[in-house]
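What the coordinates show
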Amino acid sequence: MPGMVSKANKSPLPPFNKRGMRGDFKPGRFRWQKAKERLIASFFFFNGMVSIIILAGIFSLLFSEGLPAFKEIHFSDFLQSTWNPTSYVKATYGLGAIMVSTLMVTFGALLIAVPVGLACAAYLAEIASPRVREVLKPIIEILAGIPSVVLGFLGIVVVNPLIARAFGIPNGLNALNGCILLAIMSLPTIISLSEDAIAAVPKTHKDASLALGASRWQTLVRVTIPSALSGIIASIMLGMGRAIGETMTVLMATGNAQAMPHSFLDAVRTMTATIAIELGEVPFGSAHYHALFVIGFVLFVMTFLVNLVSDIILQKYQEVEQ
Amino acid sequence: MRLKNRIIMSVVGLPAITLVILLILTSSLSLAAGFIQIKGSDTEVNAVQRMAEVYMQRYKGAAIAVTGGGSGVGIAAIINRTTDLANSSRAMKAQELRQAKANGVDPIGIVFAIDGLSVIANPANKVKTLTLDQIGQVYRGEIKNWSQVGGPNLPVTLYGRQPNSGTFIFFRETVVRGDYAQTMNQMNGNAQIVEAVKRDKGGIGYVGVGYVVDDKGKVTPGLKILNVAKDRNSKAVSPTDVKNIESGAYPIVRPLYQYFDKANRGKVDGFVGFELSPEGQNIISKQGFFPVTAEYRRYNARYGF
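Residues numbered from 1 in each chain as written. Chains lettered and ligands numbered in written order. Predicted model: local features only at pLDDT ≥ 70, side-chain atom pairs only at ≥ 80, totals over all residues. Heavy atoms only, no water.

Some points on the overall build of chain A
When you go through chain A residue by residue, the secondary structure sums to 14 helices and two strands. The burial tally for chain A puts 42% of its 322 residues in the buried class. Considering only contacts within chain A whose residues lie at least 6 apart along the sequence, 68% involve residues at least 24 apart. Carbon and sulfur atoms provide 69% of the accessible area of chain A, an area that totals close to 17,500 Å². (Helix = DSSP H or I, 4+ residues; strand = E, 2+ residues; numbered from the N terminus. Buried < 20%, exposed > 50% of the residue type's maximum accessible area, 1.4 Å probe, protein only. Contact = heavy atoms within 4.5 Å. Areas by Shrake-Rupley, 256 points an atom, 1.4 Å probe, with all protein chains shown as cover.)

Focus: the interface of chain B and chain A
Facing the 31 residues of chain B at the interface are 34 residues of chain A. When chain B packs against chain A, close to 2,800 Å² is buried across both sides, 53% of that on carbon and sulfur atoms. Inspection of the region where chain B meets chain A yields zero salt bridges. Across the chain B-chain A interface, the total number found is eleven residue pairs in polar contact (both at pLDDT 80 or more). Elements with a contribution of two residues or more to the side of chain B that touches chain A: α1 (2-31), α3 (71-79), α4 (94-102), β6 (157-160), α6 (166-176), β7 (185-186) and α7 (190-199) of chain B. At five residues, α1(B) tops the list of elements feeding residues into the side of chain B that touches chain A. (Buried area = accessible area lost by both parts, 1.4 Å probe. Salt bridge = Lys/Arg side-chain N within 4 Å of Asp/Glu carboxyl O. Polar contact = N/O pair within 3.5 Å; in protein donor to acceptor, adjacent residues only side chain to side chain.)

Describing the pairing of strand β3 (residues 85-88) of chain B
All names here are of chain B. Along β3, one buried face is formed by L85 and N87 and the opposite face, lined by A86 and S88, is buried too. Of the strand pairs in this sheet, strand β1 (residues 35-40) and β3 are connected by three bridges, and their pairing is parallel. If you follow K39 over to β3, its bridge partner there is A86. Bridging between β3 and strand β11 (residues 253-261) involves four bridges; their strand directions are antiparallel. Bridge pairing in β11 links S88 to Y257. (Pairing = 2+ DSSP bridges.)

Notes on the packing of helix α2 (residues 45-58) of chain B against helix α9 (residues 265-276) of chain B
Residue and element names in this part refer to chain B. The geometry of α2 relative to α9 is characterised by a closest axis approach of 10 Å and an angle of 115° between their N-to-C directions. Overall, the two elements α2 and α9 adopt an arrangement that is roughly perpendicular. Along this stretch, α2 crosses α9, giving a crossing that reads as right-handed. Two secondary-structure elements touch here, α2 through V48, M51, A52, V54, Y55 and R58 and α9 through G270, F271, F274 and E275. When the residues that make up the contact of α2 with α9 are grouped by side-chain class, the tally is seven nonpolar, one polar and two charged. (Axes fitted to C-alpha atoms, helices over the stretch in contact; angles between N-to-C directions. Parallel < 35°, antiparallel > 145°, perpendicular 65-115°, else oblique. Left-handed = near helix turned anticlockwise from the far one by under 90°. Nonpolar A, V, L, I, M, F, W, Y, C, P; charged D, E, K, R; others polar.)

Brief notes about a nonpolar patch on the surface
Residue and element names in this part refer to chain A. A cluster of nonpolar side chains, L55, F59, V301, F304, L305, L308 and I312, forms an exposed patch at the surface whose accessible area comes to about 610 Å². Of all the elements in the fold, those that place two or more residues in the nonpolar patch are α2 (27-66) and α14 (287-321). Top element by residues in the nonpolar patch is α14. It accounts for five residues. Relative to the helices and strands, V301 is located in helix α14. (Patch = residues over 30% accessible without salt bridge, like charges linked within 9 Å, V, L, I, M, F, W, Y side chains within 5 Å.)

Describing the environment of V111(B)
In this fold, V111(B) is placed in strand β4 (residues 107-121). In this view, V111(B) contacts P255(B), L256(B), Y257(B), L276(B), V292(B), Y296(B), Y299(B) and N300(B); residues no more than four positions away in its chain are not counted.

Concerning the domain arrangement of chain A
All names here are of chain A. What the domain assignment lists for chain A is domain 1 (27-66) and domain 2 (75-321). Each of domain 1 and domain 2 has a C-alpha centre, and the two are 33 Å apart. The partner domain 2 presents seven residues to the eight residues of domain 1 that form the contact. Summed over both partners, the interface of domain 1 with domain 2 comes to about 760 Å²; 81% of that surface belongs to carbon and sulfur atoms. For the domain 1 face of the interface with domain 2, the top three residues by lost area are F59, L62 and E65, together amounting to 64%. There are one residue pair in polar contact (both at pLDDT 80 or more) connecting domain 1 and domain 2. A breakdown of the residues in the side of domain 1 that touches domain 2 according to their chemical character gives six nonpolar, one polar and one charged. (Domains from an automatic or database assignment.)

Let's talk about the nonpolar core
Generally speaking, soluble globular proteins have nonpolar side chains that are buried together. Of all hydrophobic cores here, the largest spans 45 residues; its most connected members are I135(B), Y139(B), F171(B), I204(B) and I252(B). Elements supplying a minimum of two residues to this core: α3, β4, α5 (132-140), α6, β8 (203-208) and β11 of chain B. Looking at which element gives the most residues to this core, the answer is α6(B), with six residues. When residues no more than four places from it in sequence are discounted, the contact partners of I252(B) are D115(B), G116(B), L117(B), V119(B), L132(B), I135(B), F170(B), F171(B), V175(B) and V228(B). If you look at the next biggest cluster of nonpolar residues, it comprises 38 residues, including L110(A), A121(A), A122(A) and A253(A). (Core = buried A, V, L, I, M, F, W, Y, C linked by side-chain atoms within 4.5 Å.)

Spelled out as structure tokens, the structure:
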């Protein structure tokens, strides 16, 4: 009881009682206190468990709602390319195009965000003066708070015509547009965590490198970044987790065509966008309804794997730190 | 000790208090007698919103909330009893009616406006008219270049709505009569199609006339409404002229529906009556739609409107 001690120190000590204790403590009160503490501990334990229970609940919901889809739709149908359950002619449930779209947009975003984010993190950790860092870091973190629907709007109004003009194509609502917007969304995560990782590299490593005659650039690229690599990879994985599950931005900015994309200048329709578009109108309990849960399940497994890998890497990184 | 108690109190107590307050607020809202919730079609949302504003000014104490989301969303809401009125730009499907019945809902649909679906293109494109058949071929992906319909040598970019839209379904059933080409960009609402076609010289899109014509009948700058002919022998006409809608010369016309539960009629009766009154129909014309034609006035009369 830290609170008790400080209080006792401030006031003059009460005299010892018959049991050799100070103050008005009674044994019964101790027992009540212990019980209360145990109660509080279990309350917080329960709170900790809540997230695990929710996770297990979501997993089992997706699984149990997705499973009935296989009664009407053959497994091989999901391996086809086109997703068009409301077709005029024949409903198709292929996950090919939407999975390729999701992966294209996600990895495309990383192709942009990783170099930029890493450079920014290295600048913040190694070169920027403390003053500049103090200003820049909060600003970058504010970037993380921009609502995705606002970014989607920017995608339509700003990025769309820019891409159209740059590549001489009729419109810029395509995978590249989504990549750029998702890169902006995942940048704060990548910068913030990578900067922490780079700043955590012991100064002695760098001093040793510089003492051996390496330039600052050589030290950064061959010593500092490799030492911080696990932290940097974890930050990239977390940024990727953010990008892969993003819905509103890609729904607005990528054109949502059903066709299998052949390049980054083709319109794409991601898994998240498909669920968002169709879940509102699908007849409850139909094959289409359950098939949407299959998409959700596949997406969940994908993000789960990304988070798992990043967690394992982060764990390793913390061990190395210790 | 006291401090700790207080912290625990606030940890447990605050959310509990907020919850209670929220419960009271929501229950009082839904209990308010005049509160009408309207959900559904993005095509109808602006016109209905406008009528609701006028209605609320007229009748103090009336409260109406109008939201969009697409016809499918509105119909799902009427089936699940989460809305009083569902805006829908298509009739309810047999399967949806069955689901409603199974839920104990008896949906009644009235037609409160007529919509001419306009086919839009970029003004830089010199094509002015298309037949219904040609539009179908374009959207099925069989015509890929504007030169195939007498235009410049420019690839066609297709813009359409998303499958949760009544317009998407209506256009597919009446014009495309097949699957849309897979390369069609599925846009999130009328306004996005308008924006996209404005920026795309080879673009073609379909939107409600209300979205491209202002209340004086002028077409939105940067856009062109194509004249459409029923077939090769008919004259191509514009949907901006009321006469073409009433005479049936313009082929892509649809009734705009509102659905409500029969048991809930007393609640929505006043507002629906206002929509069909001359004043309501006048607002509908100003919003770029067309007043209910004689055919659908007879349809509404079956339900006493």
